[in-house]
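Residue-level structure breakdown
What follows is each chain in one-letter form.
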Amino acid sequence: MLKINGERLWASLMAMAEIGATARGGSCRLALSAEDKAGRELFSHWCTAAGLTLSVDAIGNLFARRAGTDKEAAPVMMGSHLDTQPEGGRFDGVYGVLAGLEVIRSLDDHAIQTRKPLEIAVWTNEEGARFTPAMLGSAVFTGTLALDKARATADVDGISVAEALCATGYSGSRPLGGAVDAYFEAHIEQGPILEDNAKSIGVVTGGQAIRWLDVRVEGMAAHAGTTPMPLRKDALYGAAQMIQALEQLAADFAPEGLTTVGELSLAKSSRNTIPGLLNFTVDLRHHRDSEIDAMEQQVRQQLQAIAAQRGLTVTVSPHWISPATPFDAECVACVQTSVDALGYSQQRIVSGAGHDAIHLARYCPTAMIFIPCIGGLSHNEAEDVLPDDVRQGTDVLLNAVLKRAGQAN
């Protein structure tokens with residue numbers, strides 16, 4: 001079994017972390033920002049030095065290609081993203097990109113040529129922190145999201161994706177999509193399961209269902225000092241009861257059901273005015289589509305009941321839906337066979353987070369490899385990993401990709 005150069009990979013990760021470094025040890029490279037551009041340029045420099053061919057498509061996805069001996073074969077693709085949360089960590093996304101580069105560097109070290117070509121993908125706006133939806137670049141690549149709609153999406157400052165692509169020079173001419181033999185993505189788990197179970201590798205069998213809802217609660221704004229409590233239609237107190245019900249609802253679907261309210265905004269709020277209008281978001285997750293359907297139905301019923309009890313009006317609108325996604329059995333077997341042969345501690349796991357691999361799984365055979373993150377912490381400047389886990393995860397990626405791509409005779 002082949003192994004990578006762990007010290008070289010770690011050095012690459014630390015060099016990338018210097019771009020957009022934050023005061024508390026994290027990273028801030030919002031999609032298509034100056035920092036994201038600088039990260040892409042550093043990656044491109046490394047790829048050019050490794051003899052790879054670079055191309056960019058119309059949504060800014062960046063691809064680095066290593067030729068195979070079979071000129072007609074579709075590429076085996078690796079990758080992830082370089083953009084981060086506003087106060088993100090040093091490994092979320094970037095590990096998958098640089099692990100792919102280390103696979104190619106290690107193949108060069110061993111003078112191994114593959115039959116199928118290899119490609120590393122840097123997907124645009126995976127995080128969704130600047131532009132919504134998340135995983136935007138891979139959605140356009142796979143045809144899940146129309147290019148025109150994606151390019152028209154604007155950030156909070158009114159800057160569109162199209163404008164940001166032009167400003168950074170990443171509005172490319174490579175045709176969207178195209179044949180992909182298989183896609184492998186290495187990633188930190190972003191949760192505590194592997195660490196809690198003392199496992200170095202997660203063999204990911206698929207991604208759970210995700211459903212985002214937007215909730216609008218309307219009551220009646222009124223004076224805080226002159227309106228008796230029984231006569232109020234307080235949108236915020238109503239929303240507080242609704243949010244508490246959402247937390248309780250998760251217990252009905254435990255342990256796989258998850259509910260989160262991540263955003264809440266009050267319209268024209270004032271210290272001495274009863275809130276009359278607000279909006280909040282709901283994030284539902286479950287391993288099975290049938291269960292997340294039931295969760296959404298209960299959310300709607302419970303929120304309507306609370307609104308009726310308090311004389312409020314509530315509107316629940318779908319924002320984004322990602323069905324449960326099983327990964328390809330043959331690609332998962334490539335990962336499983338590799339980790340077994342390497343002898344690393346491992347377990348099978350379902351991805352709790354959204355990843356570009358979820359879009360790719362509906363487009364081509366796909367698998368993922370997880371490594372632990374310390375304390376299960378991610379989307380946080382304190383996000384951290386162990387160098388040994390980084391190395392072992394990339395060893396698995398190298399051997400899984402080589403099994404799929406084939407070694408040239």
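Our structure's up above, just so we're on the same page.
Remember, predicted model here, so these are calculated numbers, not experimental data.

Take the pairing of strand β3 (residues 76-80) next. Looking down a regular strand, the side chains alternate between one sheet face and the other. When you tally the buried positions in β3, you get five out of five residues, the bulk of the element. Neither face of β3 is open: one carries V76, M78 and S80, the other M77 and G79, and all of them are buried. Judged from the five bridges that link them, β3 and strand β4 (residues 118-122) form a sheet pairing that is parallel. In the strand pairing of β4, M77 is matched with E119. In this structure, β3 lies alongside strand β5 (residues 182-188), joined through three bridges in parallel fashion. Within the sheet, the bridge partner assigned to M78 lies in β5 and is F184.

Next up on the list: the packing of aromatic side chains. If you walk through the whole model with that rule in mind, you get seven aromatic pairs. Ring plane angle 70° and centroid distance 6.2 Å describe the contact between W123 and Y183, whose orientation is recorded as edge-to-face. Separated by 60 residues along the polypeptide, W123 in the loop between β4 and α4 (136-141) and Y183 in strand β5 bring together distant segments of the chain. An aromatic cluster of at least three residues, connected via ring pairs, comprises F63, W123, F141, Y183 and Y363. The side chain of R40 reaches across the aromatic face of Y170, ending 4.6 Å from its centre. The cationic tip of R174 hangs over the ring face of F63; the distance from NZ or CZ to the ring centre is 3.8 Å.

A rise of 1.5 Å per residue sets the reference length of helix α3 (residues 94-109), with its 16 residues, at 22 Å; its end C-alpha atoms lie 22 Å apart and thus fit the reference within 8%. Of all 16 residues making up α3, 14 are buried, and the element is well covered by its neighbours.

Right, let's talk about the packing of helix α1 (residues 6-17) against helix α2 (residues 34-49) for a bit. Where α1 meets α2, the axes come as close as 10 Å, and the angle between the chain directions of the two elements is 150°. With respect to their mutual orientation, α1 and α2 come out roughly antiparallel. Where α1 crosses over α2, the handedness of that crossing is right-handed. For the pair α1 and α2, the contacting residues are S12, A15 and M16 in the first and G39, L42, F43 and W46 in the second. Of the residues in the contact of α1 with α2, the class split is five nonpolar, two polar and no charged.

This next bit is on the pairing of strand β12 (residues 277-286). Counting buried residues in β12 gives seven out of ten residues, a clear majority hidden from the surface. Here strand β7 (residues 209-218) pairs with β12 via ten bridges, running antiparallel. Bridging from a neighbouring strand, L213 pairs with V282 of β12. As paired strands, strand β9 (residues 258-260) and β12 are joined by three bridges and run antiparallel to one another. Within the sheet, the bridge partner assigned to T260 lies in β12 and is D283.

The rules we used
Residues numbered from 1 in each chain as written. Predicted model: local features only at pLDDT ≥ 70, side-chain atom pairs only at ≥ 80, totals over all residues. Heavy atoms only, no water. Buried < 20%, exposed > 50% of the residue type's maximum accessible area, 1.4 Å probe, protein only. Helix = DSSP H or I, 4+ residues; strand = E, 2+ residues; numbered from the N terminus. Pairing = 2+ DSSP bridges. Phe/Tyr/Trp six-rings, centres within 6.5 Å; stacked < 30°, edge-to-face > 60°. Lys NZ or Arg CZ within 6 Å of the ring centre and 35° of its normal. Expected span 1.5 Å × (residues − 1). Axes fitted to C-alpha atoms, helices over the stretch in contact; angles between N-to-C directions. Parallel < 35°, antiparallel > 145°, perpendicular 65-115°, else oblique. Left-handed = near helix turned anticlockwise from the far one by under 90°. Contact = heavy atoms within 4.5 Å. Nonpolar A, V, L, I, M, F, W, Y, C, P; charged D, E, K, R; others polar.

The quantities given are spatial measurements derived from coordinates; they are silent on function.
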